[in-house]
Amino acid sequence: MGTVIMHNVVSVDGFIADANDDVGPLHEWYFSGDHPIIERAGEQYDHSGAGSGFRVSSASAEYVRSMWASIGTIVMGRTLFDLVNGWEGDPPAGDHVVVVSHRPKPEGWHPEASYHFVDDVTAAIAKAKELAGDRTVAVNAGDVGAQAFAAGLVDEVAMDVVPVVFGSGKRYFGAIDGQHLLEDPHLVIQGDRVLHLKFKVRT
């Protein structure tokens, strides 16, 4: 089975969005560079919201491309699914998506897309690993990621740290209140307006 990575873009004070789920300037670096991350014919969903694809700096490009290419399954919460309408069945990376939700998939929603709705985090990670095979499972940070992390289901923590202070909002580590130790970062890459970090979870 592949590695389970908890991943998100995050402010320097630890928030992945404000209280209204607005990411503000956190994602600007994804669309302000000269190097496209991936070119896909017939792209259905405009992930930028501005009619442009993902384009990052040269410093970030190789890391983001390899990271995204390694992903087999994304695990996300229902809040994010609803906010982006599941990227209209066209996730930015991976072939499968597992949504942690007590509500079922909306009736008639993109039946062709490999989206699976599971009401328990442990079961969701198991399903995601089954679908991913030897590829990576990427768990969105926030409440769902925090639940997986607290349950010992996360192997690595990946952060794309952006130089902005939110002050309040949705925390990267959700409602985790205990102490958890990580190893020293085994990846540190300084991009333009972003710092990429990866830590293994200490066992």
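Residues numbered from 1 in each chain as written. Predicted model: local features only at pLDDT ≥ 70, side-chain atom pairs only at ≥ 80, totals over all residues. Heavy atoms only, no water.

**Some words on the overall build of the chain**
Turning to step 1, where the next piece is worked out: In terms of regular secondary structure, the chain is built from four helices and twelve strands.
Turning to step 2, where the next piece is worked out: In summary, the chain has a C-alpha radius of gyration of 16 Å against a globular reference of 17 Å for 203 residues, a match within 12%.
Turning to step 3, where the next piece is worked out: Overall size of the chain, expressed as C-alpha extent along the three principal axes, is 45 × 40 × 35 Å.
Turning to step 4, where the next piece is worked out: Relative to its full complement of 203 residues, the chain shows a buried share of 45%.
Turning to step 5, where the next piece is worked out: Looking at the chain alone, contacts between residues at least 24 apart form 67% of all its contacts between residues at least 6 apart.
Turning to step 6, where the next piece is worked out: Counting only carbon and sulfur atoms, one obtains 49% of the accessible surface of the chain, whose full area is about 10,200 Å².
Turning to step 7, where the next piece is worked out: The averaged location of the 28 negative side-chain charges in the chain is 3 Å from the averaged location of its 15 positive side-chain charges. (Helix = DSSP H or I, 4+ residues; strand = E, 2+ residues; numbered from the N terminus. Rg over C-alpha atoms; globule rule 2.2 N^0.38 Å. Buried < 20%, exposed > 50% of the residue type's maximum accessible area, 1.4 Å probe, protein only. Contact = heavy atoms within 4.5 Å. Areas by Shrake-Rupley, 256 points an atom, 1.4 Å probe, with all protein chains shown as cover. Lys, Arg positive; Asp, Glu negative; His and termini not counted. Charge placed at Lys NZ, Arg CZ, Asp CG, Glu CD.)

**Structural notes on helix 3 (residues 121-132)**
Since there are 3.6 residues in each turn of an α-helix, residues three or four apart along the chain are aligned in direction.
Turning to step 1, where the next piece is worked out: The terminal C-alpha atoms of helix 3, which comprises twelve residues, lie 16 Å apart, in line with the 16 Å expected from a rise of 1.5 Å per residue.
Turning to step 2, where the next piece is worked out: By the burial criterion, the buried members of helix 3 are Val-121, Ala-124, Ile-125, Ala-128 and Ala-132. Taken end-on, helix 3 shows its buried residues confined to a sector of 95 degrees, consistent with a single buried face.
Turning to step 3, where the next piece is worked out: Looking at the buried residues of helix 3, the elements they touch are strand 1 (4-11), strand 5 (71-77), strand 6 (96-100), strand 7 (115-118), strand 8 (136-140) and helix 4 (143-150).
Turning to step 4, where the next piece is worked out: Between the side-chain oxygen of the N-cap and the backbone nitrogen of Thr-122 there are 3.1 Å, and the N-cap of helix 3 in question is Asp-120.
Turning to step 5, where the next piece is worked out: Immediately beyond the C-terminal end of helix 3, within one or two residues, lies Gly-133, with a positive phi of roughly 65 degrees. (Expected span 1.5 Å × (residues − 1). Arc of directions from axis to C-beta. Polar contact = N/O pair within 3.5 Å; in protein donor to acceptor, adjacent residues only side chain to side chain.)

**Considering the packing of aromatic side chains**
Turning to step 1, where the next piece is worked out: Throughout the structure, instances matching the rule amount to twelve aromatic pairs.
Turning to step 2, where the next piece is worked out: Judged by centre distance (5.3 Å) and plane angle (75 degrees), the ring pair of Tyr-30 and Phe-54 falls under edge-to-face. In this pair, Tyr-30 is assigned in the loop between strand 2 (15-17) and strand 3 (35-36) and Phe-54 in the loop between strand 3 and strand 4 (55-56), connecting sequence segments 24 residues apart. No difference in accessibility class separates Tyr-30 from Phe-54, as the two residues are buried.
Turning to step 3, where the next piece is worked out: One aromatic cluster is present, formed by Trp-29, Tyr-30, Phe-31, Phe-54 and Trp-68 through successive ring pairs. (Phe/Tyr/Trp six-rings, centres within 6.5 Å; stacked < 30°, edge-to-face > 60°.)

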